[in-house]
Amino acid sequence: MSVLIKSVESGSAADRAGISAGQTLLSINGHDIHDVLDFRFYETERTVDVVVSDTDGTQHRHIIRKGEYDSLGLDFETYLMDKQRSCRNKCVFCFVDQTPKGMRETLYFKDDDERLSFLFGNYITLTNLSQRELERIVQMKITPINVSVHTTNPELRVRMMKNPESAHIMERLRYLAEGGIQLNCQLVLCPGWNDGAELERSLSDLFSLTPQVQSIALVPVGLTAHREGLEELRLFSSEEAKQVIETANRWAAIARAHGWGSVVWPADEFYIIAGLPFPTPGDYEDYPQLDNGVGTVALLRDEFLAALEDIDCDELPHRATIATGVSIAPYLRELADAAKEKFPGADWEVIPIVNDFFGHSITVAGLVTGGDIIRQLDGRDIKGKRLLIPQVMLRHGGDMFLDDVTPEQVEQALGVTLTAVPNDGYELLDALLGNE
């Protein structure tokens, strides 16, 4: 496969060698270049043998000497140098399939691309990898890889994912583990499907691959109000959530006894559903599964209280409103109340936004839309005309909510100044105090 060169960085190694935009990259050190992983891997050498061709097919060979790991300075049409790979599964719990119609096109794309797993931490199912691609992962030591496992039972995994290729999960995980690849796993749990005895089986199978399986997140299924024609599923009850937590804690104790760390953790949502207190921050070790909502509340609380202890601010009053998801609202209210004890003149309010857009069973902050914020806060007293929201409500870049409403539209509709705050306790306290 050949890749068209879009541009060449001025003064770079490729530029000095005479490579130019419009040429096609054919190989590096005798290896064909298929995508960004090939390119990034083979360009790291101090001496690279680069073959390019002109539009008429004339080939040119360049021997380039540069610093080890220095970039050649080539840019391509897309970051991956290839099309993004889409998911071939039809998972019974897929959130994309539960998304309302009429939203922007990118929200309906399901990615399942091992390159994005390595580069950006995306989770993949391993169902669309060829043997050559598995071998490349091992050869290039592309580690860690984040894998959506869900279940290790081949028959159940096919039933849940509607793809015969999904049955080969353990042999593919084992191949990667034996090749030295570290694995972070997630299991989206659906009550009556892959919890209970099936969860015990999955954890037993995954623990057979430790320590290469370095973390496992247990995440409860999310169900929107838009499931017409989809498989019948239900949410976890409080007692079922407690059982998942008990199972995870028991397996975590086994892992710690072997010196592997805890390995397995339930997502914060399980503790909320169960009505149980969160573990201490130290129980999450180095927080390997934050992106799956594992330990986010504990970390936020720990950082916020540490920041509160250190800060001294005399300019009062401080006034602000926090709009957030239903599930996290009580915990943010606790933090705001703790801060008020130190700053008695402060006037802070936490308002949970009910998710009318996706359905009331969706309670996480990351799926709150701008339209719901506007409708539910219209006419409310926004303290100090300052509205704080979790940054996860906005897409990467911070320019838009899921429903295409912009932060500027929220500001105009409510007459406020909007601040998107990362999941960071120090920054949350700064935002509350107006130290932006």
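From a predicted model like this one, the values you see are computed outputs, not experimental measurements.

Moving on to the overall build of the chain. Within the chain, the secondary structure is distributed over 14 helices and 14 strands. Referenced to the eigenvectors of the C-alpha coordinate spread, the extents of the chain come out at roughly 75 × 50 × 45 Å. Among the 436 residues that make up the chain, the fraction classed as buried is 51%. Summarising the internal contacts of the chain: among those between residues at least 6 apart in sequence, 69% fall at separations of at least 24. Of the roughly 19800 Å² of accessible surface on the chain, 49% is carried by carbon and sulfur atoms. A distance of 4 Å separates the average location of the 40 positive side-chain charges in the chain from that of its 68 negative side-chain charges.

It is worth spelling out the sheet that holds strand β7 (residues 145-148) at this point. Sheet architecture is open: 4 strands sit in the order β7-β8-β9-β10, paired in parallel fashion. Every other strand in the sheet has two partners, leaving β7 and β10 (264-266) as the edge strands with one partner each. Between one strand and the next, the sheet's axes are offset by a mean angle of 20°, whatever the strand orientation. Across 4 bridges, the pairing between β7 and strand β8 (residues 183-189) is parallel. Across the sheet, I145 pairs through a bridge with L183, a residue of β8. Set on the sheet, helix α8 (residues 238-257) makes contact with β8, β9 (213-220) and β10; between it and β10 the angle comes to about 160°.

At their nearest, the axes of helix α10 (residues 296-310) and helix α11 (residues 329-342) sit 11 Å apart, and the two run at 10° to each other. The orientation of α10 relative to α11 falls into the category roughly parallel. Residues V297, L300, R301, F304, L305, L308 and E309 of α10 lie in contact with α11, whose contacting residues are Y331, L332, E334, L335, A338, A339 and K342. A breakdown of the residues in the contact of α10 with α11 according to their chemical character gives 10 nonpolar, no polar and 4 charged.

The next point concerns α10. Its 15 residues place the ends of α10 21 Å apart at the C-alpha level, agreeing with the 21 Å of an ideal helix rising 1.5 Å per residue. Within α10, the full set of buried residues consists of T296, V297, A298, L299, L300, E303, F304, A307 and L308. In this structure, the buried residues of α10 make contact with α9 (268-274), α11 and α14 (425-433).

Side chains of a nonpolar character, in soluble globular proteins, are inclined to be buried together. Ranked by size, the top nonpolar core spans 116 residues in total, and within it L173, L183, I216, L218, I373 and L387 carry the most contacts. Not counting the four nearest positions on each side in its chain, L173 is found in contact with L126, V147, V149, L183, L206 and L209. In this structure, M161, W193, L223 and L233 belong to the second largest nonpolar core, which totals 13 residues.

Another point: the pattern of salt bridges. For side chains bearing opposite charge, pairing can occur when the charged atoms are close. Tallied over the entire structure, the rule returns 19 salt bridges. Residues E43 and R40 are paired through a salt bridge, measuring 3.1 Å at the closest nitrogen-oxygen approach. The partner of R46 in a salt bridge is E68, and the shortest N-O contact between them spans 3.8 Å. With R46 in the loop between α2 (36-42) and β4 (47-53) and E68 in the loop between β5 (59-65) and β6 (74-76), this residue pair connects regions lying 22 residues apart in the sequence. Taken together, the shared-partner salt bridges connect R319, D347, D381 and K383 into one network.

Attention now moves to the side chain of T321. Among the secondary structure elements, T321 is positioned in strand β11 (residues 319-325). Overall, T321 belongs to the buried group, its relative accessible area being 0%. Only 3.0 Å separates the side chain of T321 from the backbone nitrogen of K383, close enough to count as a polar contact. Beyond its immediate stretch of four places on either side in the chain, T321 contacts E349, I351, D381, I382, K383, R386, L387 and L388.

Quick notes on the rules
Position numbers for residues count from 1 along each chain, tracking the sequence in the order it is written. This being a predicted model, a pLDDT of at least 70 is required before a residue's local features are given, and a value of 80 or more before pairs of side-chain atoms are given or counted; all residues contribute to the totals for chains, interfaces and linings. The basis for the side-chain values is all heavy atoms of the structure; hydrogens and waters are excluded. Helix and strand assignments follow DSSP, with helices taken as H or I runs no shorter than four residues and strands as E runs no shorter than two, numbered in order from the N terminus. Using a 1.4 Å probe on the protein chains alone, a residue whose accessible area is under 20% of its type maximum counts as buried, one over 50% counts as exposed, and one in between counts as partly exposed. Any two residues whose heavy atoms approach within 4.5 Å at even a single point are treated as in contact. Surface accessibility in these figures is a Shrake-Rupley result with a 1.4 Å probe; residues are shielded only by whichever protein chains are displayed. In this charge count, Lys and Arg are treated as positive and Asp and Glu as negative; neither His nor the chain ends contribute. A charged residue contributes its charge at one atom only: NZ of Lys, CZ of Arg, CG of Asp or CD of Glu. When DSSP finds two or more bridges between a pair of strands, those strands are recorded as paired. What counts as an axis is a line fitted to C-alpha atoms, over the stretch in contact for a helix, and the angles between N-to-C directions run from 0 to 180 degrees. Put simply, angles under 35 degrees are roughly parallel, angles over 145 are roughly antiparallel, angles from 65 to 115 are roughly perpendicular, and the rest are oblique. The classification used treats Ala, Val, Leu, Ile, Met, Phe, Trp, Tyr, Cys and Pro as nonpolar, Asp, Glu, Lys and Arg as charged, and all other residues, Gly among them, as polar. Here the expected span of a helix is defined as 1.5 Å times the quantity of residues minus one. What we call a nonpolar core is a set of buried Ala, Val, Leu, Ile, Met, Phe, Trp, Tyr and Cys residues that are connected through their side-chain atoms within 4.5 Å. The rule for a salt bridge is simple: a side-chain nitrogen of Lys or Arg has to be within 4 Å of a carboxyl oxygen of Asp or Glu. Polar contact is the term for a pair of N or O atoms within 3.5 Å; when the atoms are in protein, one must be able to donate a hydrogen and the other to accept it, and sequence-neighboring residues count only if both atoms are side-chain atoms.

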